[in-house]
Amino acid sequence: MKLAIMQPYLFPYIGYFQLINAVDEFVIYDDVNYIKQGWINRNRILLDQKAFLITLQLFGASSFKLINQVEVGCNQKTILKTIEQAYKRAPHFKFVYSIIENILLNSEKNLAKFIEYSIYDINKYLGITTKMVLSSEISKNNELKNQEKVINICEQINATTYINAIGGQEIYSKECFLEKGIKLKFIKSKQITYKQFNNEFLPWLSIIDLMMFNEPNIIKKMLDEYELI
């Protein structure tokens, strides 16, 4: 059984969804500390031919709090206006905007569950059927840290293969996972390009950008544009 574990990110880039699609079960790592200036509550879209950062307002955000202890703020309508300004002439604006609007205006105030909801909705649109679970709902040894805690989660779910983002090569050891009978793989996205109006292409923007310019069946093919190393 293939497993991945990642912190919840707001409208992440396609590599995040490639990872979800590559595994049998995906754990949203919601009971670890919130990271300021990370990607948990912000991402980049295309606005006026440049990458523009959208940031979801939060209440009580602190690196001393867990992600699931932080509350969503009140600037969702402002974000929607920015997205409309950026993509109102995009080929798939009408339908994709309705999905994003439904996500941003939902009543959930817990940050982790809010982002979980957004990932579910985008997965549904893209045809991704991977099982998802919050890490806070898994019985595990919360005294463990970092790699040891990830291995413990793998053991609780009976995973035989753990797939991590490519950046994890610096912090995870294949030998340590193998000692527990678990294969460790890293997912490396291939270069993906598509037409963004008539602009010079800007890579690795939010999944919003990809959805605005590409049909779901095209994105589905892009989900397989990676290699495991």
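These notes cover the structure that comes with them. (Residues numbered from 1 in each chain as written. Predicted model: local features only at pLDDT ≥ 70, side-chain atom pairs only at ≥ 80, totals over all residues. Heavy atoms only, no water.)

**Observations concerning the overall build of the protein chain**
And step 1. On a plain count of helices and strands, the protein chain comes out with eight helices and ten strands.
And step 2. Relative to the 2.2 N^0.38 estimate, which gives 17 Å for 229 residues, the radius of gyration of the protein chain is 18 Å and therefore close to what a compact globule would have.
And step 3. Each principal axis of the C-alpha distribution contributes one length, and for the protein chain these read about 55 × 40 × 30 Å.
And step 4. By the burial criterion, 51% of the 229 residues in the protein chain qualify as buried. (Helix = DSSP H or I, 4+ residues; strand = E, 2+ residues; numbered from the N terminus. Rg over C-alpha atoms; globule rule 2.2 N^0.38 Å. Buried < 20%, exposed > 50% of the residue type's maximum accessible area, 1.4 Å probe, protein only.)

**Examining the nonpolar core**
And step 1. Judged by nonpolar contacts, the single largest core of 83 residues is most densely connected at Phe17, Phe26, Ile83, Tyr87, Leu111 and Met212.
And step 2. Considering every element that reaches this core, the biggest residue donor is helix H4 (residues 111-126), with eight residues. (Core = buried A, V, L, I, M, F, W, Y, C linked by side-chain atoms within 4.5 Å.)

**A short note on the packing of helix H2 (residues 76-87) against helix H3 (residues 93-104)**
And step 1. Closest axis-to-axis distance for the H2/H3 pair is 10 Å, and the angle between their directions is 165°. As far as their axial angle goes, H3 and H2 are roughly antiparallel. Note that H2 runs across H3; the crossing there is right-handed. Each of Gln76, Ile79, Leu80, Ile83, Glu84 and Tyr87 in H2 lies in contact with H3, whose residues at this interface are Phe93, Tyr97, Ile100, Glu101 and Leu104.
And step 2. Class assignment of the residues belonging to the contact of H2 with H3 gives a composition of eight nonpolar, one polar and two charged. (Axes fitted to C-alpha atoms, helices over the stretch in contact; angles between N-to-C directions. Parallel < 35°, antiparallel > 145°, perpendicular 65-115°, else oblique. Left-handed = near helix turned anticlockwise from the far one by under 90°. Contact = heavy atoms within 4.5 Å. Nonpolar A, V, L, I, M, F, W, Y, C, P; charged D, E, K, R; others polar.)

**What to know about the sheet that holds strand S2 (residues 25-28)**
And step 1. Within the open sheet, the six strands sit side by side as S7-S2-S1-S8-S9-S10. Their pairing is mixed. Of all strands in the sheet, those bounded by a partner on one side alone are strand S7 (131-134) and strand S10 (226-228). Within the sheet, the average angular offset between the axes of one strand and its neighbour, ignoring direction, is 25°.
And step 2. Taken strand by strand, helix H1 (residues 14-22) contacts strand S1 (2-6), S2, strand S8 (161-165), strand S9 (183-189) and S10, and its axis lies near 140° from that of S9.
And step 3. Taken strand by strand, helix H5 (residues 146-157) contacts S1, S2 and S8, and its axis lies near 140° from that of S1. (Pairing = 2+ DSSP bridges.)

**Quick word on the pattern of salt bridges**
And step 1. Across all of its chains, the model carries one salt bridge by this definition.
And step 2. For Lys140, the salt bridge goes to Asp31, with nearest N and O atoms at 2.7 Å. In this pair, Lys140 sits in the loop between S7 and H5 while Asp31 sits in the loop between S2 and strand S3 (42-47), placing the two residues 109 residues apart along the sequence. (Salt bridge = Lys/Arg side-chain N within 4 Å of Asp/Glu carboxyl O.)

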